[in-house]
Amino acid sequence: MMFSLLIFLSLVNIIISVPSPGRENVCSRQVSVLHSRSVSYSVSHQTTGSTNCGFLGWGRCRTYGRRYTRSYRLQYWSVYSTNYYCCSGWAEDGLGGCTIPICPPDDCGVGGTCVDPDTCECNSGFQGTQCSDINECADNNGGCEHRCSNTAGSYYCECNTGYVLKPNGRDCE
């Protein structure tokens, strides 16, 4: 009983996970497959001949008949169907839709999230199409009085030996 339930649930999951018409980012295309089969038909042939007839079989009479033979020919027909697939830039979500955006091969790096095809939303401290780290120290030493240390997505200020960082996190005394 449990085994059949598992098989049933697996089949339901397979059926549902195929992109479905009308779902978000699902595209379709009409396809046709040409099929053929051999079909038999009858061909009629008229036959003629002669036989002995008349008084004591001395005369010749003409006979007529019909003979049938079976012939074969190929019959072709097209079967049309609609295939559903994820539109360009989207991947299947396993629920019959295509809601997972596809971003560049390197994704959005460590500092972002793919929100639309080829579009990353960057976290604070990251920028660009692949959400690379912003070097805050490159611009005006990050606002630090002495030394600026860049980190992934952020930075911090340090003071030279003998100095202490003020509560504002930038100036030294």
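**Overview of the state of the cysteines**
Tallied over the full model, the rule gives nine disulfides. A disulfide bridge connects C27 with C87, and the sulfur atoms are separated by 1.8 Å. The disulfide joining C27 to C87 has a torsion of about 105 degrees about its S-S bond and is therefore right-handed. Taken together, the positions of C27 in strand 1 (residues 26–53) and C87 in the loop between strand 2 (59–86) and strand 3 (90–91) put the pair 60 residues apart, joining distant regions of the chain.

**Topic: the packing of aromatic side chains**
Taken as a whole and judged by the stated rule, the model has zero aromatic pairs. Above the plane of the ring of W77 lies R37, whose end atom (NZ or CZ) is 5.1 Å from the centre. The ring of Y41 has R73 sitting right over it, with the charged end atom 4.5 Å from the ring centre.

**Quick look at the pairing of strand 5 (residues 112–116)**
Pairing geometry for strand 5 and strand 6 (residues 119–122), over four bridges, is antiparallel. Bridge pairing links D116 to T119 in strand 6. Following strand 5, the chain reverses through two residues before pairing antiparallel with strand 6; D118 in that reversal takes a positive phi of roughly 60 degrees.

Scoring rules and cut-offs
Residues numbered from 1 in each chain as written. Predicted model: local features only at pLDDT ≥ 70, side-chain atom pairs only at ≥ 80, totals over all residues. Heavy atoms only, no water. Disulfide = S-S within 2.5 Å. Helix = DSSP H or I, 4+ residues; strand = E, 2+ residues; numbered from the N terminus. Phe/Tyr/Trp six-rings, centres within 6.5 Å; stacked < 30°, edge-to-face > 60°. Lys NZ or Arg CZ within 6 Å of the ring centre and 35° of its normal. Pairing = 2+ DSSP bridges.

Fair warning: the whole summary comes from geometry, so function is off the table for now.
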